[in-house]
Amino acid sequence: MESNFAVSYDKPFSPASQHPAGAARRPAAGQHGSGTGLAVCLAVAAMISVQTGVSLSVPVIHDYGALSTSSLRLCWAALALLLFVRPPLHRYGAAQWRAALILGAAMAVMSLAFFLAIERLPQHLTVALEFCGPLAVAALGARGWRALAWPLLAAIGIGLLVQGDTHLPGGTDPVGIAFALLAAVGWGVYIVMMKRIGPVFPGLQGLAVSLAAAALLSLPFAVAETGSVRFPWEQLLFTAGLAVLVPLVPYILEITALRRMPAAMFGVLMSVEPAVGAATGWLFLGQGMGMGQMLGTSLVVAASVGVVRAGR
């Protein structure tokens, strides 16, 4: 899942803040409330787009493979963003390339590992496990011993989710859990690097270059899975559509939302994404949950909200 959760701990980008006269262009108090309401709608729409894209990816993964589906989705998204942003690649220095490559590697690990996990685990469990990445980063940024209660609460919730899935046919796949946790590590690195890449790239240039790096790094895995550089046209078509749902549309919605709402509020909203993933998994894939799993999802969401508020 590629969410812009990272920027929720930074000051939202505002063109007005980059100019001395920016204060004169700030919205009036009456406009702030309506702008925040729109921002909340955009953030929720971004989460729905991400998790819907994940749900619709599952049949494609089963038909064509997790690695190639994930890589092609990254390739389509990178191509679209490069054509839109047109970054001046020849002008970048060593520090910019280093930051973009590290972020791209984190994106590749996060995407490939997540798709390998979603191939083996229910969506609600995969999303909850992957969310350990941003949860850990947020917990490290929080101050006070009370903040340690939130990761513990999340661990209890994930334990309930895993325990509930052990009663399914075949039980819980430990390999799938390992891939989901690897995706969590990738998401954690993604968060740290997204904080650092903003100041060294203007606009969306850093994101475009990093996404291109992720696509290139993931391609060898796709070729190894399929044994050929020629992919079925049906898979190319499906992955092009998936790339629109995630990450292109969510990135645009999230960036727009961040320009209209406080960063802390955005972080709290993103914390309910595990619940959104459970809802879309039930709606599109028929992946139901028992009472214990619902309670586990609620605990993960509560821990996410708590740790974000503690880190403000």
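Conventions and cut-offs
- Residues numbered from 1 in each chain as written.
- Predicted model: local features only at pLDDT ≥ 70, side-chain atom pairs only at ≥ 80, totals over all residues.
- Heavy atoms only, no water.
- Helix = DSSP H or I, 4+ residues; strand = E, 2+ residues; numbered from the N terminus.
- Expected span 1.5 Å × (residues − 1).
- Buried < 20%, exposed > 50% of the residue type's maximum accessible area, 1.4 Å probe, protein only.
- Phe/Tyr/Trp six-rings, centres within 6.5 Å; stacked < 30°, edge-to-face > 60°.
- Core = buried A, V, L, I, M, F, W, Y, C linked by side-chain atoms within 4.5 Å.
- Contact = heavy atoms within 4.5 Å.

Student: Could you clarify how one ought to interpret helix H11 (residues 273-285) in this entry?
Tutor: Three- or four-residue spacings in an α-helix give side chains the same orientation, since the helix completes a turn every 3.6 residues. Under the 1.5 Å per step criterion, the end-to-end length of H11 is 17 Å for 13 residues, consistent within 8% with the ideal 18 Å. Within the span of H11, buried status applies to Glu273, Pro274, Val276, Gly277, Ala278, Thr280 and Gly281. Two residues or fewer after H11 comes Gly286, characterised by a positive phi angle close to 70°.

Student: Looking at this model, I keep getting lost on the packing of aromatic side chains. Mind explaining?
Tutor: Describing an aromatic ring pair means giving the distance of the ring centres and the angle of the ring planes. Counting across every chain of the model gives four aromatic pairs. For the pair Phe131 and Trp187, a centre-to-centre distance of 5.4 Å together with 80° between the ring planes defines the contact as edge-to-face. Of this pair, Phe131 sits in the loop between helix H4 (123-130) and helix H5 (132-141) while Trp187 sits in helix H7 (residues 174-197), and the two are 56 residues apart along the sequence. For the pair formed by Phe131 and Trp187, the shared burial category is buried. Ring pairs connect the aromatic residues Tyr92, Trp97 and Phe201, which therefore count as one cluster.

Student: What's the story with the nonpolar core in this structure? I'm lost.
Tutor: Side chains of a nonpolar character, in soluble globular proteins, are inclined to be buried together. Core analysis: the biggest nonpolar cluster contains 32 residues, and Leu81, Leu103, Met107, Trp187, Tyr190, Ile197 and Leu211 have the highest contact counts within it. Contributing elements (two or more residues each) for this core: helix H2 (66-85), helix H3 (94-118), H7, helix H8 (205-226) and helix H9 (233-258). Leaving out residues up to four positions away in the same chain, Leu81 has contacts with Arg86, Leu207, Ala208 and Leu211.

Student: What am I meant to see in the environment of Phe84 here?
Tutor: Within the element layout of this structure, Phe84 appears in helix H2. Note: C-alpha distance between Phe84 and Gln205 (121 residues apart in sequence) is 9.9 Å.

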